[in-house]
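Here's the letter readout for the chains.
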Amino acid sequence: MNSSHRLIVIALTVFLMTALGTVALAQNDEDHQVEDYSSTPLVQPTIEDFAPIPESDIREDGKPVAEAPMGINGYFEVSEQQKVFSLTPSYRFSEKFALKARFPYIIERKRNYFGGEASASGLGDIGLDGEYTHRFNSPSKLLRLQATVKLPTGNNENIEGDDEVKVPLGTGSVDLMLRAQFTRSTKKSGFLAAALFRKNTSGESVFQSTWWDGTVQTQTITTTNGNEFVASAFGRYVVGSGIWLNLGASLMMTGNGEMESHTTDTGGGDWSNSDELFQKSTLLDLFPGVSYKFGPITPYLGARIPLSTSYDNDFLLEERDTVFIFQLTYRPLAMVD
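Quick summary incoming for the structure in this document.

Criteria and cut-off values
Residues numbered from 1 in each chain as written. Predicted model: local features only at pLDDT ≥ 70, side-chain atom pairs only at ≥ 80, totals over all residues. Heavy atoms only, no water. Helix = DSSP H or I, 4+ residues; strand = E, 2+ residues; numbered from the N terminus. Buried < 20%, exposed > 50% of the residue type's maximum accessible area, 1.4 Å probe, protein only. Contact = heavy atoms within 4.5 Å. Areas by Shrake-Rupley, 256 points an atom, 1.4 Å probe, with all protein chains shown as cover. Phe/Tyr/Trp six-rings, centres within 6.5 Å; stacked < 30°, edge-to-face > 60°. Lys NZ or Arg CZ within 6 Å of the ring centre and 35° of its normal. Salt bridge = Lys/Arg side-chain N within 4 Å of Asp/Glu carboxyl O. Patch = residues over 30% accessible without salt bridge, like charges linked within 9 Å, V, L, I, M, F, W, Y side chains within 5 Å. Lys, Arg positive; Asp, Glu negative; His and termini not counted. Charge placed at Lys NZ, Arg CZ, Asp CG, Glu CD. Pairing = 2+ DSSP bridges. Axes fitted to C-alpha atoms, helices over the stretch in contact; angles between N-to-C directions. Polar contact = N/O pair within 3.5 Å; in protein donor to acceptor, adjacent residues only side chain to side chain.

Bringing the overall build of the chain into the picture now. Per the secondary structure count, the chain includes 2 helices and 21 strands. Within the chain, the fraction of its 337 residues that count as buried is 43%. In the chain, the proportion of contacts linking residues at least 24 apart, taken out of those at least 6 apart, comes to 63%. If you sum the accessible surface of the chain, you get close to 17,000 Å²; carbon and sulfur atoms cover 60% of it.

A complete count under the given rule lists 5 aromatic pairs for this structure. Here the aromatic rings of Tyr91 and Phe93 are separated by 4.9 Å at their centres, their planes lie at 75°, and the arrangement is edge-to-face. Looking at Tyr91, the relative accessible area reads 35%, which means it is partly exposed. Consider the rings of Phe97 and Tyr132, whose centres lie 5.5 Å apart with planes at 50°: the pair is tilted. Taken together, the positions of Phe97 in strand β4 (residues 97–113) and Tyr132 in strand β6 (residues 127–135) put the pair 35 residues apart, joining distant regions of the chain. What makes Phe97 partly exposed here is its relative accessible area of 45%. Its relative accessible area of 28% is what places Tyr132 among the partly exposed residues. Lys141 extends its terminal NZ or CZ atom over the ring of Phe136, reaching a point 5.2 Å from the ring centre. The positively charged end of Arg236 is found above the aromatic ring belonging to Trp244, 3.9 Å away from the centroid.

Here we come to the pattern of salt bridges. For side chains bearing opposite charge, pairing can occur when the charged atoms are close. In total, this model carries 13 salt bridges according to the counting rule given. In this structure, the salt-bridge partner of Arg144 is Glu131, at a minimum N-O distance of 3.5 Å. One end of the pair, Arg144, is in strand β7 (residues 141–150); the other, Glu131, is in strand β6, and 13 residues separate them in sequence. Taking the relative accessible area as the measure of exposure, Arg144 reaches 5% and is therefore buried. One salt-bridge network, held together by shared partners, links Glu48, Arg92, Lys100, Glu131 and Arg144.

To continue, consider the side chain of Ser38. Tracing the sequence through the fold places Ser38 in the loop between α1 (3–25) and α2 (40–43). The class for Ser38 is buried, based on a relative accessible area of 10%. Ignoring sequence-local partners within four residues, the contact set of Ser38 consists of Asp125, Lys150, Met177 and Arg198.

Turning to a negative patch on the surface, a few remarks are in order. A surface patch of negative charge is lined by Glu258, Glu260, Glu276, Asp312 and Asp314. Examined against the element boundaries, Asp314 turns out to sit in the loop between β19 (297–311) and β20 (323–330). A residue is classified by how much of its surface remains accessible, and Asp314, at 82% relative accessible area, is exposed.

A few words now on the side chain of Thr46. For Thr46, the position within the fold is in the loop between α2 and β1 (66–67). Residues within four places of Thr46 in sequence aside, it is in contact with Asn73, Gln327 and Thr329.

Let's shift gears to the pairing of β20. Along any regular strand, the residues point their side chains to alternate faces of the sheet. Of the two faces of β20, only the one carrying Val323, Ile325, Gln327 and Thr329 is buried; Phe324, Phe326, Leu328 and Tyr330 on the other face are not. In this sheet, β20 lies alongside strand β2 (residues 70–78) in antiparallel orientation, the contact comprising 7 bridges. Each residue of the ladder has a partner; that of Asn73, found in β20, is Thr329. Of the strand pairs in this sheet, β19 and β20 are connected by 8 bridges, and their pairing is antiparallel. Counterpart to Ala303 in the pairing with β20 is Phe324.

Tracing the chain through its elements places Leu192 in strand β11 (residues 189–199). C-alpha separation for the pair Leu192 and Gln181, spaced 11 residues apart in sequence, amounts to 6.8 Å. In this structure Leu192 touches Pro45, Asp49, Phe50, Gln181, Phe182, Thr183, Ser232, Ala233 and Phe234, once residues within four positions along its chain are discounted.

This paragraph deals with the sheet that holds strand β16 (residues 257–265). Pairing within the open sheet is antiparallel, and its 4 strands lie in the order β12-β13-β16-β17. Two strands lie at the open edges of the sheet, namely β12 (202–210) and β17 (270–277), each paired on one side alone. When the angles between neighbouring strand axes are averaged without regard to direction, this sheet yields 15°. Summarising the sheet, strand β13 (residues 216–224) and β16 pair through 8 bridges and their orientation is antiparallel. Paired with Gln219 across the strands is Thr263, a residue of β16.

Here we take up the environment of Arg198. When you line up the elements, Arg198 lands in strand β11. Looking at Arg198, the relative accessible area reads 2%, which means it is buried. In sequence terms Arg198 and Asn227 are 29 residues apart; their C-alpha atoms lie 5.6 Å from each other. Apart from the residues lying within four places of it in its own chain, the contact partners of Arg198 are Asp36, Ser38, Ser39, Lys150, Thr171, Asp175, Leu176, Met177, Asn227 and Glu228. Within the structure, the side chain of Arg198 is placed 3.1 Å from the side chain of Asp175, a separation counted as a polar contact. Within polar-contact distance, the side chain of Arg198 engages the side chain of Asn200 at 2.8 Å.

What follows is the structure, given as structure tokens:
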């Protein structure tokens with residue numbers, strides 16, 4: 001990178017961080033909903049999600065310059081309530097088929113409650129991806145179909161502090177996410193449109209407590225979170241050698257969930273009840289960012305800025321944090337014969 005390109009990257013980074021910092025400072029310190037970290041990395045595309053660039057990622061004989069079988073992506077997001085790092089190694093068997101594994105680590109997750117704040121850290125819910133790529137007549141136009149199975153590896157029964165506040169690191173459920181992507185690239189720009197559907201299953205938590213008279217009470221809570229649908233569109237435009245400006249938007253719609261509770265105690269008590277979880281929401285977000293392709297390594301710096309928030313629950317504040325995002329993708333290239 002020459003000096004002029006360095007200056008462009010620095011100027012863009014300073015401008016982006018200043019703008020995002022202004023948005024973050026405009027928010028208050030009241031409690032916010034902690035967003036699920038399993039869906040958000042699937043909404044934000046990586047550099048390898050975009051189609052090959054004509055005359056750059058395509059050989060003279062018309063064949064694409066293929067990605068090497070192994071690659072890795074690091075995703076880091078930070079907000080006032082949550083800091084999460086996710087490492088995603090991938091293996092491409094052919095031009096059509098690839099597998100990925102997502103290993104999230106929650107650096108900090110906060111929960112505000114009456115009288116204080118609790119936080120936790122640890123391994124989150126691991127995800128396994130399968131991907132099929134359909135190539136059209138032009139190598140610069142692709143359709144990708146992806147399926148993700150989210151495993152309940154995060155501790156959904158995690159309790160923190162003297163007040164025994166529940167700060168879960170996972171949902172306790174095996175969930176399925178289906179995603180379709182259409183992407184097209186030119187020498188100067190790239191476009192990606194995607195739709196994601198998440199089907200949540202039930203997760204179970206068991207809690208025990210002992211009363212003053214020695215009675216032991218066991219409570220089993222079965223939670224089924226509401227399903228999700230996300231539609232998104234992202235574009236990027238080259239402004240220098242390897243320097244890309246990125247902008248995207250997403251619309252997430254979440255349905256209501258339900259919770260069932262079954263309680264027994266050593267005194268012979270046995271009762272159950274069920275309640276609806278008022279999780280229905282409509283969330284609109286903006287994704288500005290800047291990336292630089294330096295050979296097989298591509299860093300990305302950006303954010304997710306909430307534009308509109310609507311909860312079908314009067315007890316939830318219709319206000320969300322700005323989330324800062326950093327990605328680092330490593331994907332060496334190999335020629336296709």
